[in-house]
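Structural features, examined
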There are 2 protein chains.
Amino acid sequence: MLTISLASAVPIHDQLVAGLRGLIAAGKLAKDDELPPVRQLAADLGINLNTVARAYRELTDAGLLASVRGRGTVVIATVERPSGPKADERKRIEAGLAAAFNDAKIAGLPREVVEAIVNRQIARLWGEA
Amino acid sequence: MLTISLASAVPIHDQLVAGLRGLIAAGKLAKDDELPPVRQLAADLGINLNTVARAYRELTDAGLLASVRGRGTVVIATVERPSGPKADERKRIEAGLAAAFNDAKIAGLPREVVEAIVNRQIARLWGEA
DNA sequence: GACATTGTCGCAGAGTATGATACAAATACA
DNA sequence: TGTATTTGTATCATACTCTGCGACAATGTC
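This is a predicted model, so every value here is computed, not measured.

1. A few points about the pairing of strand β3 (residues 72-75) of chain A
Residues and elements named next belong to chain A.
- Alternating residues of β3 divide into Thr-73 and Val-75, all buried, and Gly-72 and Val-74, none buried.
- With 2 bridges connecting them, strand β1 (residues 34-35) and β3 associate as antiparallel partners. Each residue of the ladder has a partner; that of Leu-35, found in β3, is Thr-73.
- Pairing of strand β2 (residues 65-68) with β3, which is carried by 4 bridges, proceeds in the antiparallel orientation. In the sheet register, Ser-67 faces β3, and the bridge partner there is Thr-73.
- Linking β2 back to β3 in an antiparallel pair, the connection comprises 3 residues, with Gly-70 at a positive phi of about 90 degrees.

2. What to know about the pattern of salt bridges
- Applying the stated criterion across every chain yields a total of 13 salt bridges over all chains.
- In this structure, the salt-bridge partner of Arg-54 of chain A is Glu-58 of chain A, at a minimum N-O distance of 3.2 Å. Here Arg-54 of chain A pairs with Glu-58 of chain A, and both are found in helix α3 (residues 49-61), just 4 residues apart, close to one helical turn.
- The network of salt bridges with shared partners includes Arg-21 and Arg-92 of chain A together with Asp-103 of chain B.

3. Here's the deal with the protein's contact with DNA strand D
- Looking at DNA strand D, there are 24 residues lining it, with Ile-12, Asn-48, Asn-50 and Arg-54 of chain A together with Arg-39 of chain B nearest.
- Each atom of DNA strand D within 4 Å of the protein belongs either to a base or to sugar and phosphate, the latter forming 65%.
- Asn-50 of chain A is positioned with one of its side-chain polar atoms (N or O) 2.4 Å from a base nitrogen of DNA strand D.
- The separation between a phosphate oxygen of DNA strand D and a polar main-chain atom of Val-38 of chain B is 2.7 Å.
- Secondary-structure elements contributing two or more residues to the surface near DNA strand D are α1 (12-25) and α3 of chain A together with α2 (38-45), α3 (49-61), β2 (65-68) and β3 (72-75) of chain B.
- Looking at side-chain class alone, the surface near DNA strand D contains 8 nonpolar, 10 polar and 6 charged residues.

4. Side note on the environment of Ile-4 of chain A
All names here are of chain A.
- Of note, Ile-4 is situated in the segment before α1.
- For Ile-4 and Gly-19, which are 15 residues apart along the polypeptide, the C-alpha to C-alpha distance reads 8.5 Å.
- What Ile-4 contacts, discounting residues up to four positions off in sequence, is Ile-12, Gln-15, Leu-16, Leu-45 and Ile-47.

5. With respect to the protein's contact with DNA strand C
- Close contacts around DNA strand C come from 23 residues, with Arg-39 and Asn-50 of chain A together with Ile-12, Asn-48 and Arg-54 of chain B the closest.
- Counting only atoms of DNA strand C within 4 Å of the protein, the sugar-phosphate share comes to 62%.
- When residues of the surface near DNA strand C are traced back to their parent elements, those giving at least two are α2 (38-45), α3, β2 and β3 of chain A together with α1 (12-25) and α3 of chain B.
- When its residues are assigned to classes, the surface near DNA strand C shows 7 nonpolar, 10 polar and 6 charged.

6. Side note on the interface of chain A and chain B
- Every contact between the two is made by 43 residues of chain A and, on the other side, 37 residues of chain B.
- When chain A packs against chain B, close to 3,900 Å² is buried across both sides, 67% of that on carbon and sulfur atoms.
- In this assembly, chain A and chain B are joined by 5 salt bridges.
- Measuring nitrogen to oxygen at the nearest pair gives 2.8 Å for the salt bridge that ties Arg-120 of chain A to Glu-94 of chain B.
- Put simply, chain A and chain B have 13 residue pairs in polar contact (both at pLDDT 80 or more) between them.
- Among the secondary structure elements, those contributing two or more residues to the side of chain A that touches chain B are α1, α4 (87-106) and α5 (111-126) of chain A.
- With 15 residues, α4 of chain A is the largest single contributor of residues to the side of chain A that touches chain B.
- In terms of residue class, the side of chain A that touches chain B is made up of 24 nonpolar, 6 polar and 13 charged.

7. Notes on α3 of chain B
Residues and elements named next belong to chain B.
- Here α3 contains 13 residues, and its C-alpha end-to-end distance of 18 Å stays within 8% of the 18 Å for a straight helix at 1.5 Å per residue.
- For α3, the complete set of buried residues consists of Thr-51, Val-52, Ala-55, Tyr-56 and Leu-59. Seen along its axis, α3 keeps its buried residues to an arc of 140 degrees; they face one direction. In α3, the exposed positions angled more than 90 degrees off the buried face are occupied by Asn-50, Arg-57 and Asp-61.
- In this fold, the buried residues of α3 make contact with α1, β1 (34-35), α2, β2 and β3.
- At the exit of α3 stands Gly-63, carrying a positive phi of roughly 85 degrees.

What counts and how
- Residues numbered from 1 in each chain as written.
- Chains lettered and ligands numbered in written order.
- Predicted model: local features only at pLDDT ≥ 70, side-chain atom pairs only at ≥ 80, totals over all residues.
- Heavy atoms only, no water.
- Buried < 20%, exposed > 50% of the residue type's maximum accessible area, 1.4 Å probe, protein only.
- Helix = DSSP H or I, 4+ residues; strand = E, 2+ residues; numbered from the N terminus.
- Pairing = 2+ DSSP bridges.
- Salt bridge = Lys/Arg side-chain N within 4 Å of Asp/Glu carboxyl O.
- Near = heavy atom within 4 Å.
- Polar contact = N/O pair within 3.5 Å; in protein donor to acceptor, adjacent residues only side chain to side chain.
- Nonpolar A, V, L, I, M, F, W, Y, C, P; charged D, E, K, R; others polar.
- Contact = heavy atoms within 4.5 Å.
- Buried area = accessible area lost by both parts, 1.4 Å probe.
- Expected span 1.5 Å × (residues − 1).
- Arc of directions from axis to C-beta.

In structure tokens form, the structure reads like this:
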């Protein structure tokens, strides 16, 4: 369900955060789902438990997870938010998208490639329709 | 011609390398074109000359530039080496886009809003067509 | 109440990014 | 020729981040 690359330049905890966010965004991790204990996930991935704990904590700070000592970590955020994001959050999200597109442009990716990636991502998260 | 972000998480020299690669790939920097001295570019961007020197060196090692002490740095190739780190770069960019879309999905942005943002960004960077 | 399970904290080692400073090579000019 | 200027390079220091080891604290189980 989660794969990480120790050889990658991006930090392990960032890979974990991105992977877990992806699972939540795609609905594969729903509200009240329990996550594996830090020690177990760390053992499965062959990394240190602190690295997993750090990823859990970042997502907890982001309001997606809730960790309780002795009990475990569960998903508390549901993707559906009827009211939608607030103005400043919306601005933050738009800035993040703009930065990602800037990155692609700087690297010299052609328009068609970017459009293909975008289509794939939207289909993954919002459905094929 | 080159813009960098000191606030970004990606190292400055990586931003420089990516930007210069983009200029070369786009033909805005052609063979035998001279690059600004490390001190001048560093002053223009408000960074240390070593950071610029590092970017020049990486591109020199990649076979795109040639630096000579006392003379300057020039472009010597207009095509990337086929075996370059392009796959990694591409993967990194795709991960960045995926993370940004995850963020939007988790925040509850509807598909239409995201598509509108995407269209605006693509138009901004790759033209209206 | 004793033990196991689970998350959290403090510290250390390694690596990297950036910068300040000094050095070396090529050129310009008197 | 010889001195100053321009340019890239090397060295060292500082700060920061990542990752891991070990210990601690809270919750649940029996």
